[in-house]
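# Chains, contacts and geometry: an overview
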Amino acid sequence: MSIHLHQLAAALYLLAGLVAWTGMALRSARLERGSVWLLAGAALAHLGAFATLHSLEPPPPLTDLPAAVSFMACAGTIFFLAMLRRLRLDGLTVLVAPAAFVGAFFAALQLPEAEPAVVAGSGSWPHAHVLLASMGLAFLGVSGMAGMLFLAEHRRIKAKRPIDAGFPLPTLEALDLANRVSLAVGFPLLTLGVIAGMIWVQKSQGVVWSGSVHEIWSVIAWTVYAVLAGARFGASQGSRQAAASAVGGFAFLCFAVIGVGLLT
Amino acid sequence: MRIVLLGMNHRTAPLDLRERLAVHDPAPVLQKLVACDEIDEAVLISTCNRVEVVVVTRSYDAARLRLRSIFARELASDSIEVSTSELDACLYEHVDGDAMRHVLRVASSLDSMVVGEPQILGQTKDACRVATECGAAGPILGRLFQHAFATAKRVRSETRIAERPVSVARVAVDLARQIFENLADKQALLIGAGEMIELALESLRKHGLESIRVANRTPERAQELAARFGATAHGLDGLTELIAEVDVVLISIGGDDPILTVELLERALASRWGRPLFVIDIGVPRNADPAINKLDPVYLYDIDDLASLARKNADERQREGVLAESIIEEQHQRFEGWLTALRAIPTIKHLRERVESIRVDELERALRRISLDDDQREAVEALTKSIVNKILHAPVSKLRREAEHEEGIVYLEAARALFGLDDETSDEE
């Protein structure tokens, strides 16, 4: 059941992405709105998939990479949909939907065969680590996507080119605010995720620092984000630099957490 | 019955002539028109860009002459003469299909000076309302104008003809709305004065911008402008501090050297926390150094940039016009179909009357021979009516459908011949 809901969610994410891009190409505001509804439907199916997974006896942990990436896609989408209530960010669906599709599709392909590494005696810390870190990553992902669209729009307005899309893309101010809020929520969650991970390692191996490749790269990525967050909130960084930092930071974070996980 | 339209617009007549012929109260002219024998219905559209009269007539030549005399004598104000040669050079005439198509194009804003502008639809609706209220618009023109409003709605919803702003002021607003999420909580600084800059500011105010500051070289002028816009007045000496606080700067002030320099902006930006600053420079020569656009949070547009975007948008509207024309053609065909179908009405009416009279005669003859109580008589009457209606339903529907096409005349002639309608008419005559 869970795998079917995952497949449904992936299909809806893909459809939402296609509708959003078609809406942009055909300059249709109606398609843009339709893509948001499809994205909301996909998020519901995705939540249903996790609820079904949780109802299994015993419930499989989320510590394997496909489940964590899928949860990240789901959390990011829900966070984005929540922001839509306050900000006109509908145009960002062209990036959020395809990214969520990749996450859900990855899980739909791998979940049945995934062999979760359950660490005996570690209690809820593995779950806490995955949930917090995935949410942090997801929100920082939304920040990166808002940054990407900000940079494109900033360049277009500076170059004095007419608007390319037929429907209104998010304003620079909305994209900057989305970037700021995502970073403000995502970085603390990532920090808590790193701390939960350390406690997990301490509980299972008796040491706080095991020196694994995942640990090293995670801490480097966290440090990079700490610097970015400091620049944004402490040193009054401008919107364009903040957008560029969000894009670069998220690319590095993806490599450090997901890329290194896949390579090792 | 023919539809004739006579008029002049921004392409055929100069502004001063259009001004002289503009009609502020069309009702008396319309009443005079429909009082003439040759004119059945009339609507008059008078805007700053056009004066047009459209009529339904049974006598084309007489109606043409009447309309020309209306333009020469009635529309021109008493004090200003309009010569016949002057009128002949500016007037255009459309008849039947062309007249209908023209009305649809006018209401859809395809014939406007600024293609896609929304005001013309309201003006056309007003013209139709006035004509209806004074009894000048009847079933044909009433239907034509309702059809024109529906066409305009289709054009606006199915094309992007009205999507992009084509005035410099609206382009400025559009840009501000691409930068800022909400103009209501933003502040604008007006440096200098001038018609264009005030139009841009007015457009921004219409879209929610409330907080305005005015800076000028002369304090009196600053006070005057501030009073007009409900703003606060400032001199030019505290410009850095003012710019540090506002979100939109509109500048058009005399002088050869730029007022907004990179150095001044850099000082102002230092305390803005990276907030975007939209600068609209309408001054000629320019009042803002173009290099300030290289500063990250500054988005600078001068008059040429705004005009260039407005031109591009206008070109885009023209391209959309091609799609709109196909909608006009489709809608025109529909109206022509409806109009053509009207000719079936006398035949259908005649046919029904003929069959009804047969039914009534035969029923009375039969009832004289048999004795029935009231209930039975009613039942027999209902039975005959039902038989007649069922027999007529198929041929009448077919006649209505076929009458919408030109070749449908064959069916009408066949119906008249088969039911002997023409014989009866000639007998009656």
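Residues numbered from 1 in each chain as written. Chains lettered and ligands numbered in written order. Predicted model: local features only at pLDDT ≥ 70, side-chain atom pairs only at ≥ 80, totals over all residues. Heavy atoms only, no water.

Our next topic: the overall build of chain A. For chain A, the helix and strand inventory stands at eight helices and zero strands. Traced from its N-terminal end to its C-terminal end, chain A shows the element sequence α-α-α-α-α-α-α-α. When burial is assessed residue by residue, chain A has 51% of its 264 residues classed as buried. Across chain A, the fraction of contacts at a sequence separation of at least 24, relative to all contacts at a separation of at least 6, is 83%. Surface exposure of chain A reaches about 11700 Å², of which carbon and sulfur atoms provide 70%. (Helix = DSSP H or I, 4+ residues; strand = E, 2+ residues; numbered from the N terminus. Buried < 20%, exposed > 50% of the residue type's maximum accessible area, 1.4 Å probe, protein only. Contact = heavy atoms within 4.5 Å. Areas by Shrake-Rupley, 256 points an atom, 1.4 Å probe, with all protein chains shown as cover.)

This paragraph deals with the nonpolar core. Counting residues in each nonpolar core, the largest one holds 94 residues, and the members touching the most others are A:Y13, A:L89, B:L250 and B:F278. Looking at this core, the element that brings in the most residues is helix α3 (residues 65-84) of chain A, giving 11 residues. The contacts of B:L250, once residues within four sequence positions are left out, are B:A188, B:L189, B:L190, B:I191, B:I197, B:A200, B:L201, B:L204 and B:I280. Of all hydrophobic cores here, the second largest spans 62 residues; its members include B:V54, B:V55, B:L110 and B:I161. (Core = buried A, V, L, I, M, F, W, Y, C linked by side-chain atoms within 4.5 Å.)

What follows deals with the pairing of strand β10 (residues 298-302) of chain B. All names here are of chain B. Judged by how many residues are buried, β10 sits mostly within the fold: five of five residues are covered. Side chains V298, L300 and D302 of β10 all project onto a buried face; the interleaved residues Y299 and Y301 project onto the opposite face, where all are buried too. In terms of strand pairing, strand β9 (residues 277-281) meets β10 through five bridges, oriented parallel. Along β10, the bridge assignment pairs D281 with D302. (Pairing = 2+ DSSP bridges.)

A separate point is the domain arrangement of chain B. Parsing chain B into structural domains produces domain 1 (2-163), domain 2 (168-307) and domain 3 (341-428). The C-alpha-based centres of domain 1 of chain B and domain 3 of chain B are spaced at 41 Å. (Domains from an automatic or database assignment.)

The next subject is the interface of chain B and chain A. Facing 24 residues of chain B, the contacting portion of chain A comprises 24 residues. For the pair chain B and chain A, the summed buried area comes to about 2200 Å², and 43% of that belongs to carbon and sulfur atoms. Per-residue buried area on chain B facing chain A is highest for B:Q178, B:E181 and B:D296; these three make up 31% of the total on that side. For B:E181, the salt bridge is made with A:R88, and the minimal N-O distance between the two is 3.4 Å. Summed over the shared surface of chain B and chain A, the number is 19 residue pairs in polar contact (both at pLDDT 80 or more). Elements with a minimum of two residues in the side of chain B that touches chain A: α8 (168-179), β10 and α13 (303-341) of chain B. When grouped by side-chain class, the residues that make up the side of chain B that touches chain A number nine nonpolar, four polar and 11 charged. (Buried area = accessible area lost by both parts, 1.4 Å probe. Salt bridge = Lys/Arg side-chain N within 4 Å of Asp/Glu carboxyl O. Polar contact = N/O pair within 3.5 Å; in protein donor to acceptor, adjacent residues only side chain to side chain. Nonpolar A, V, L, I, M, F, W, Y, C, P; charged D, E, K, R; others polar.)

A word on unusual backbone geometry. The general pattern is negative phi for most residues beyond glycine and trans for most peptide bonds. Not every positive phi belongs to a glycine, and A:K160 is a case in point at roughly 60 degrees. Note on placement: A:K160 falls in the loop between α5 (125-158) and α6 (172-205). Even without being a glycine, B:S109 presents a positive backbone phi close to 65 degrees. Residue position: B:S109 is located in the loop between α5 (97-107) and α6 (119-133).

Here we come to the sheet that holds β10(B). All names here are of chain B. The six strands are arranged β7-β6-β5-β8-β9-β10 in an open sheet whose pairing can be described as parallel. Looking along the sheet, the strands with just one partner apiece sit at the ends: β7 (232-234) and β10. Recorded for the sheet is a direction-independent mean angle of 20 degrees between the axes of neighbouring strands. Of the pairings in the sheet, the one linking strand β6 (residues 211-215) to β7 comprises three bridges and is parallel in character. Within β7, the position partnered with R213 by the bridge is T232. This element, α13, spans β9 and β10 of the sheet and lies at about 75 degrees to β10. (Axes fitted to C-alpha atoms, helices over the stretch in contact; angles between N-to-C directions.)

Another point: the environment of B:A341. All names here are of chain B. Secondary-structure assignment places A341 in helix α13. Residues A341 and E362, 21 residues apart in the sequence, show an inter-C-alpha distance of 32 Å. The residues touching A341, leaving out its near neighbours within four places in the chain, are R400, A403 and E404.

Here chain B averages 87 in pLDDT, while 97% of its residues score no lower than 70. In the model of chain B, helix α17 (residues 421-428) of chain B stands out as the element of lowest mean pLDDT, 56, in contrast to α5(B), which has the highest, 95. (pLDDT = per-residue confidence, 0-100.)

A rise of 1.5 Å per residue sets the reference length of α6(A), with its 34 residues, at 50 Å; its end C-alpha atoms lie 48 Å apart and thus fit the reference within 8%. Following α6(A) by one or two positions, A:G206 has its phi on the positive side, about 85 degrees. (Expected span 1.5 Å × (residues − 1).)

To continue, consider the environment of B:K32. All names here are of chain B. On the secondary structure map, K32 appears in helix α2 (residues 26-35). Assessed through its relative accessible area of 44%, K32 is described here as partly exposed. Considered as a pair, K32 and Q119 are 87 residues apart in the sequence and their alpha carbons are 28 Å apart.

Residues and elements named next belong to chain B. The geometry of helix α7 (residues 139-158) relative to α13 is characterised by a closest axis approach of 10 Å and an angle of 155 degrees between their N-to-C directions. With respect to α13, the element α7 is oriented roughly antiparallel. For α7 against α13, the interelement crossing comes out right-handed. From α7, P139, I140, R143, L144, H147, A150, T151, R154, V155 and E158 reach across to α13, where they touch L323, A324, I327, I328, E330, Q331, R334, F335, W338 and L339. Its residues assigned to classes, the contact of α7 with α13 shows 12 nonpolar, three polar and five charged. (Parallel < 35°, antiparallel > 145°, perpendicular 65-115°, else oblique. Left-handed = near helix turned anticlockwise from the far one by under 90°.)

Right, let's talk about the sheet that holds strand β3 (residues 50-57) of chain B for a bit. Residue and element names in this part refer to chain B. A sheet is described by the order of its strands in space; here four strands give the open sequence β2-β3-β1-β4, paired in antiparallel fashion. Of all the strands in the sheet, just β2 (39-46) and β4 (92-95) have a single pairing partner and so form its edges. Across the sheet, the axes of successive neighbouring strands diverge by a mean angle of 15 degrees, strand direction being ignored. Bridge analysis of strand β1 (residues 2-9) against β4 gives four bridges, and the strand direction is antiparallel. For L6, the partnering residue across the bridge sits in β4 and is E93. Packed onto the sheet, α2 meets β2 and β3 and runs at close to 155 degrees relative to β2.

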